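Survey of secondary and tertiary structure
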Amino acid sequence: MSALPEETLRRGWCPSTLRPMETGDGWLVRLHPPDAKLTPAQLRRIAALAAEHGNGLVEISARANLQLRGVTAESHPRLVERLLAEHLVDEHDGDGPQRVTLVSPLAGQDPTAMIDAAALALQIEQSTRALSGLPAKLAIVVDDGSAQALDEFPCDIRLLGIGTGTAAVCLADRLWQGPVAEADAIAAVETALRRFAALRSAAPDHLRRLRDLPADALASLTDLPATAAPAPRRRPRRVGTFTLKGDRFAALIGLPFGRCDATVLDRLGATVETSAADIRLSPWRALAFRGLHHSEAERLLALAGDLGLITRDDDPRLSVQACAGSPACSRAEAPAMADANVIAEAAADLLAEGVTLHVSGCVKACAHPAAADLTLVGRNGRYDVVPRGTTRDKPVATLDLSALLTRLQPGQDIHARLKAARSMGSQG
């Protein structure tokens, strides 16, 4: 296999295994495991390949995919050969999305679920591969209605369990339709995708996502009636021990800012390699080790804590989203990930109260496209400060790290603004 042509490595490409993205520390290779799950042995093998063919850094993306960093033009063909030969990835070579669905890491095993999100997601993945004209970044959230609420993740289509065997459909995060029986939900999603693809083929430069459609066109994507938006749910627990069906448990372990070293993954996989565990990737940038006995889950969490990973839901790092930043990303204008750790310490009291922080090396917002209570956008080594907004909203100031840390302290203006906003949000 030869190196990929330069046009497939252009900035903005949605990376995959076959089409990596060029960054400041080499190529970024994104992996889509078959059926979105791994065994402990497979996790260890991926860790070994990350160290052998990349720089040993492994990430979980905002869409719950694995990413290997530091791959080179020389090492990429050998990496792809091993991943495909060992069935560690499931990838097609078309222009459409590699994976479109996002589910809870407990999907299919959560005793509180109202629909089988895991089975529905697999059917959606299969059907979308047969459709042409879909955007590469298409996102479909399949939420089983359990306590593992996925409300915070933006998407094009949201399928939400609202009763036993019943779901509602939300288009572009603004139009709710339904209800629809679980058995008919796939047909409703397929209809919406086919109709959107037809509209998009007529205006591909103007219709990139469902959110670009006017209200009447959006409503016409399905034959379902409009319905009221479901009541918002409480923020879910993202790490720790969880009870599953059949007297089994899951250990959810967060990676700080979505990144860790391959040796850490190898240690985790080795600890449960003789168990019946399967591993799912979490959109909260965590690994879910499922099917464990309670003692196995507790032992794994203890090891993860010793390794510096996130095992407590009150860990302030869970409220921070950060991209790799410079120098790992050639587009970044600030060392976002390195600075995020310092900023998280300075704002620990705010983060503990539920304030969300997004530190982005540039305006692209790869780590978190949605709004945060505080968004920081790299600009020539400093940060644009955007309260309660996205990277594309107007900043209230542009500060270097030192000034930013000062103004995040109690009694300072940014701290007071965030505390007041959190207080108003809690009252609402």
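Structural data are supplied above this passage.
Description of the structure in this document. (Residues numbered from 1 in each chain as written. Predicted model: local features only at pLDDT ≥ 70, side-chain atom pairs only at ≥ 80, totals over all residues. Heavy atoms only, no water.)

**Some details on the packing of aromatic side chains**
The description of an aromatic ring pair uses the distance of the two centres, along with the angle that the planes make with each other. Counting across every chain of the model gives 1 aromatic pair. Centroid distance Phe153 to Trp284: 5.5 Å. Interplanar angle 65°. Geometry classified as edge-to-face. With a gap of 131 residues between them, Phe153 in the loop between strand S6 (140-143) and strand S7 (157-163) and Trp284 in the loop between strand S13 (278-282) and strand S14 (286-292) connect regions that are remote in the sequence. Overall, Phe153 belongs to the buried group, its relative accessible area being 12%. On the accessibility criterion, Trp284 (7% relative accessible area) is buried. Taking NZ or CZ as reference, Arg237 lies 4.0 Å from the ring centre of Phe242, over its face. (Phe/Tyr/Trp six-rings, centres within 6.5 Å; stacked < 30°, edge-to-face > 60°. Helix = DSSP H or I, 4+ residues; strand = E, 2+ residues; numbered from the N terminus. Buried < 20%, exposed > 50% of the residue type's maximum accessible area, 1.4 Å probe, protein only. Lys NZ or Arg CZ within 6 Å of the ring centre and 35° of its normal.)

**Focus on the packing of helix H1 (residues 40-53) against helix H6 (residues 262-271)**
The packing of two helices is summarised by the inter-axis angle and the distance between the axes. Closest axis-to-axis distance for the H1/H6 pair is 8 Å, and the angle between their directions is 160°. Classed by the angle they form, the pair H1 and H6 counts as roughly antiparallel. Where H1 crosses over H6, the handedness of that crossing is left-handed. For the pair formed by H1 and H6, the contact residues are Pro40, Leu43, Arg44, Ala47, Ala50 and Ala51 on the first element and Ala262, Leu265, Asp266, Gly269 and Ala270 on the second. The class makeup of the residues in the contact of H1 with H6 is 8 nonpolar, 1 polar and 2 charged. (Axes fitted to C-alpha atoms, helices over the stretch in contact; angles between N-to-C directions. Parallel < 35°, antiparallel > 145°, perpendicular 65-115°, else oblique. Left-handed = near helix turned anticlockwise from the far one by under 90°. Contact = heavy atoms within 4.5 Å. Nonpolar A, V, L, I, M, F, W, Y, C, P; charged D, E, K, R; others polar.)

**Describing the side chain of Ser275**
Relative to the helices and strands, Ser275 is located in the loop between H6 and S13. According to the relative accessible area criterion, Ser275 is buried, its value standing at 17%. At 2.6 Å, the side chain of Ser275 and the backbone oxygen of Val272 are in polar contact. Every residue in contact with Ser275, bar those within four places of it in the chain, is listed here: Leu292 and Glu296. (Polar contact = N/O pair within 3.5 Å; in protein donor to acceptor, adjacent residues only side chain to side chain.)

**Description of helix H4 (residues 182-202)**
Counted at 1.5 Å a residue, the expected span for H4 with its 21 residues is 30 Å, and the 32 Å between its end C-alpha atoms agrees. Within H4, the full set of buried residues consists of Ala185, Ile186, Ala188, Val189, Thr191, Ala192, Leu193, Phe196, Ala197 and Arg200. Packing partners of the buried residues in H4 comprise helix H3 (117-128), S6, S7 and strand S9 (175-181). (Expected span 1.5 Å × (residues − 1).)

**A closer look at unusual backbone geometry**
The residue after Gly178, namely Pro179, is reached through a cis peptide bond having omega 0°. Mapping Pro179 onto the fold places it in strand S9. Looking along the chain, the bond that leaves Ser326 and enters Pro327 is cis, with omega of 0°. The topology assignment puts Pro327 in the loop between strand S15 (320-322) and helix H8 (336-346). A positive phi angle is found at Asp35, which is not glycine, with a value near 55°. Accessibility expressed as a relative area gives 44% for Asp35, which makes it partly exposed. Not every positive phi belongs to a glycine, and Arg388 is a case in point at roughly 50°. Examined against the element boundaries, Arg388 turns out to sit in strand S18 (residues 382-389). Taking relative accessible area as the criterion, Arg388 reaches 52% and is therefore assigned exposed.

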